[in-house]
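Given next are the chains, with one letter for each unit.
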Amino acid sequence: MPCSRTYIGDAYADAFTDQLAEHRGLVGMSDSGELCKGLTDDVEVPTLSELHRQLVGEGSHRRLVYSMKFGACQDAMINFLGGYDAHLVIIEKLPNGVFADPFELQHFVERKVFLDVAVFGDTNLELPSVLSNRSAVEIHFDLRPSTLSNSNLVVDLPLHARYPPLNASGYTTVEFGSPDLFLRYRKKEIHSSSYLWVLKNLEAAPAEKAAWRIPCGNEAHIGFVSSITFLSAVVCSMSIVLATLIF
C-alpha cells in the first residue's frame, strides 16, 4: 500500500465512481512505486477486535456512527501509542444518493475532531441523485490515550441525502457497504517532515449493513404540486407588477 501519500485514496479516486466501486476496493490494490520498504519491525500492532456502525438521526441529514474496540488489553494499546504516532484511517464508500459536505468536514478538522479529511469522487453538492456519481470519504483520526476509553473509540461522520427520484412509496432506500479501515503509524523519533508511514490493513469483519430510507416525492402528486406552484408563481408575479405600477 502507498505510505508516502497524504491520502490513501488519492491514488484510487477512480475506484469510487460509477460501477467501479462495486467491484474494486483499496485492500486489493497496490502501487509498487510507493510501497513502504524497510519500515516494518517486530512491534505488536493493535488489532481491531470489534466494529459496529449505525445511522443516527432522521430525514435527509444523519450521522454514521462507528464504534470500535482495539485489542483485548488496554495496556498494550497505551504502550504502543507511547512509542508510535498512530492514525486511524476510515474510508467509507458512499452509496449513490448520499454525500458528505467537504466544507462541513473541514470544520471538524479545524475543531480538532478529525486530524484530516478528504472527499473523493463527485463533490457537486447541488446535483440530484439521478445526475450524480458515487463518492467516498477518507477520515484520519489521531489515536492518543486521551481519545480512547478502555481501548474503545467512537467516530461520527455527518452525511446528507441528495434529492432522490420520485417514488410512489414516498421513500427510497440506500445501503452502505463495509468501510475500509487502516492503521497508519511511525516511530515518534522520526522527523515530522517525513511522510513515510507503515500502513496496516485492520481487516475488520464486515460491518452491519446500514440502510437509509430517504424521503422523496410521490409521483402521484406531480399534477397537484405543479398546479399550486404555477398558480403561486403567477400570483406573486402579478403582485410585483401591480406594486410597481401603483408605487
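Being a predicted model, the structure only gives us computed values, none of them experimental.

About the cut-offs
Residues numbered from 1 in each chain as written. Predicted model: local features only at pLDDT ≥ 70, side-chain atom pairs only at ≥ 80, totals over all residues. Heavy atoms only, no water. Pairing = 2+ DSSP bridges. Helix = DSSP H or I, 4+ residues; strand = E, 2+ residues; numbered from the N terminus. Phe/Tyr/Trp six-rings, centres within 6.5 Å; stacked < 30°, edge-to-face > 60°. Buried < 20%, exposed > 50% of the residue type's maximum accessible area, 1.4 Å probe, protein only. Axes fitted to C-alpha atoms, helices over the stretch in contact; angles between N-to-C directions. Contact = heavy atoms within 4.5 Å.

Draft legend 1. A look at the pairing of strand β1 (residues 48–58). Sheet topology places β1 next to strand β2 (residues 61–70); 10 bridges connect them, and they run antiparallel. Bridging from a neighbouring strand, Val-56 pairs with Arg-63 of β2. Counting the residues in the hairpin turn of β1 and β2 gives 2 residues, including Gly-59, whose phi is positive at 70°.

Draft legend 2. Structural detail: the packing of aromatic side chains. Counting across every chain of the model gives 4 aromatic pairs. Taken together, a centroid distance of 5.6 Å and an interplanar angle of 75° make the contact between Tyr-84 and Tyr-185 edge-to-face. Here Tyr-84 is found in strand β3 (residues 84–94), whereas its partner Tyr-185 is found in strand β9 (residues 180–187), with 101 residues between them in sequence. Among the residues examined, Tyr-84 registers a relative accessible area of 11% and is labelled buried.

Draft legend 3. Seen up close, unusual backbone geometry. Unusually for a residue other than glycine, Lys-112 sits at a positive phi of about 65°. With respect to the secondary-structure elements, Lys-112 resides in the loop between α3 (102–110) and β5 (116–121).

Draft legend 4. Representation of the sheet that holds β9 in the model. Ordered in space as β5-β6-β3-β9-β10, the 5 strands form an open sheet in which the pairing is antiparallel. On the outer flanks of this sheet lie β5 and β10 (198–201), each paired with one strand and no other. In this sheet, neighbouring strand axes are inclined to one another by 20° on average, regardless of whether the strands run parallel or antiparallel. Relative to strand β6 (residues 135–143), β3 runs antiparallel, the two being bridged by 9 bridges. Bridge pairing links Glu-92 to Val-137 in β6. Against the sheet, helix α2 (residues 74–83) makes contact with β3, β6 and β9, and its axis sits at roughly 105° relative to β3, the strand it touches most. Packed on one face of the sheet, α3 meets β5 and β6 and runs near 165° to β5.

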